[in-house]
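Results of the structural survey
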Amino acid sequence: MKTNITKIIIFSFVIFSLFVFWQALRKNNNYDTKSLIGNRISNFQLIEIYNDDKYISEYDLKKNKFTLINFFASWCAPCRIEHKYLLKLSRESEKIKIIGINFKDKKTNAINFLEELSNPYNFVGKDSKGKISILFGIYGIPESILVDNNLTIIKKIVGPIDQIQYDEILKLIQ
Amino acid sequence: MKIKFFLFTVYILTATPTYPSETEFKLLEVYKNLRCLVCQGQSIADSNSDFAATIKLVVQDQFNEGKTEDEIYKFLTSKYGEWIVYQPSFNKNNFLLWFLPYSALIFGGFIIFLIVRKTKNNNVN
């Protein structure tokens, strides 16, 4: 009788362990910060890249129905790939304002980058030390955050914006 | 050559070791407890990546503002999730992570106890 109970306990434990492993293998372990969706963005102050006396804060974003905050740099190759979608977005939708945050870059390089590819941003701020990026939970460039006028994050894009992401943004702001 | 040797000796004799300050020690402890999200198994303290450098700057700033270690972890967790800290907080989602090793240890001990007792009984009989 006791042997049977022991066998049942061992068997249950093995089954339980296999279940835990199975669940762990099924889970997507790729790290992302999608958990930030639904959260409010932090307070920030962003100095413009062209003029040090001009700046915006989170209050200015409240005036826009939707704001796309895009982190970019002239040294970032994927930023060039996504740029056409940002330009398209700035042309095709009036509901959205695009804020560019130039990440750990030289001012002249950033300005040249925007002159070469054209400027899709309503405001270009600088984050020369990268500290502002931490406030937005950024861990790579490019990254974009779509917020509404309550400053709530409604979408976070890690990596370059592509056609699928572009369509999703349009759908969200309709 | 003699002059060089003399200068080297003077340098060695007058050199004083430099130790990290208490603040640097505390900051290093915080860096060690933070995971570098873009590295393979490295802490912020170990990594020279761009991300780690930025996190170090932010931690230094918050430390200088007088924030406690816990407040710094809480801030970074709110931005990057529990994954950024090596020791996650105890909550309903991860209680098994905390209790399972102890349960396995107790269960294993119980099994060993049963086997030993059974062997002893067999030997007596």
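Residues numbered from 1 in each chain as written. Chains lettered and ligands numbered in written order. Predicted model: local features only at pLDDT ≥ 70, side-chain atom pairs only at ≥ 80, totals over all residues.

**Considerations on the overall build of chain A**
Of regular secondary structure, chain A possesses six helices and seven strands. Sequence-ordered secondary structure for chain A, helices as α and strands as β, is α-β-β-α-β-α-β-α-β-α-β-β-α. Against the compact-globule benchmark of 16 Å for 174 residues, chain A has a radius of gyration of 22 Å, which places it well outside the compact range. Considered along the principal axes of its C-alpha atoms, chain A spans approximately 85 × 35 × 30 Å. (Helix = DSSP H or I, 4+ residues; strand = E, 2+ residues; numbered from the N terminus. Rg over C-alpha atoms; globule rule 2.2 N^0.38 Å.)

**Points about the overall build of chain B**
The secondary structure content of chain B amounts to five helices and zero strands. In terms of C-alpha radius of gyration, chain B reaches 26 Å, well past the compact-globule figure of 14 Å for 125 residues. If one aligns the C-alpha atoms of chain B with their principal axes, the spans along those axes are about 90 × 45 × 25 Å. Looking at chain B as a whole, 16% of its 125 residues qualify as buried. (Buried ≥ 20, exposed ≤ 12 C-beta atoms within 10 Å, placed from the backbone.)

**Structural notes on helix α1 (residues 2-14) of chain B**
If you check α1(B), its first and last C-alpha atoms are 18 Å apart, about what 13 residues at 1.5 Å a residue would give, namely 18 Å. With zero of 13 residues buried, α1(B) is to be regarded as a mostly surface element. (Expected span 1.5 Å × (residues − 1).)

**Focus on the domain arrangement of chain B**
Looking at the assigned domains, one finds that chain B contains domain 1 (20-89) and domain 2 (94-125). Each of domain 1 of chain B and domain 2 of chain B was reduced to a C-alpha centroid, and the two centroids are 40 Å apart. (Domains from an automatic or database assignment.)

**Description of the interface of chain A and chain B**
The interface of chain A with chain B comprises 14 residues on the first partner and 14 residues on the second. Only α1 (2-26) and α5 (131-135) of chain A provide two or more residues apiece to the side of chain A that touches chain B. Looking at which element gives the most residues to the side of chain A that touches chain B, the answer is α5(A), with three residues. Its residues placed into classes, the side of chain A that touches chain B shows four nonpolar, seven polar and three charged. (Contact = placed C-beta atoms within 7 Å. Nonpolar A, V, L, I, M, F, W, Y, C, P; charged D, E, K, R; others polar.)

**A short note on the sheet that holds strand β5 (residues 123-127) of chain A**
All names here are of chain A. One open sheet accounts for five strands, arranged β5-β4-β3-β6-β7; its pairing is mixed. The outermost strands of the open sheet, each flanked by one partner alone, are β5 and β7 (153-158). Along the sheet, successive strands turn relative to each other by an average axial angle of 20°, direction set aside. (Pairing = 2+ DSSP bridges. Axes fitted to C-alpha atoms, helices over the stretch in contact; angles between N-to-C directions.)

**Observations concerning the environment of A:Asp148**
Residues and elements named next belong to chain A. If you trace the backbone, Asp148 turns up in strand β6 (residues 143-148). Between the C-alpha atom of Asp148 and that of Ile173, which follows or precedes it by 25 residues, the distance is 8.8 Å. With residues near it in sequence (within four places) discarded, Asp148 still touches Phe66 and Ile154.

**Structural notes on the environment of A:Gln165**
Residues and elements named next belong to chain A. Turning to its location among the elements, Gln165 is positioned in helix α6 (residues 163-173). Gln165 sits in the partly exposed class, given 17 other C-beta atoms within 10 Å. Between the C-alpha atoms of Gln165 and Ser133, which are 32 residues apart in sequence, the distance is 21 Å.

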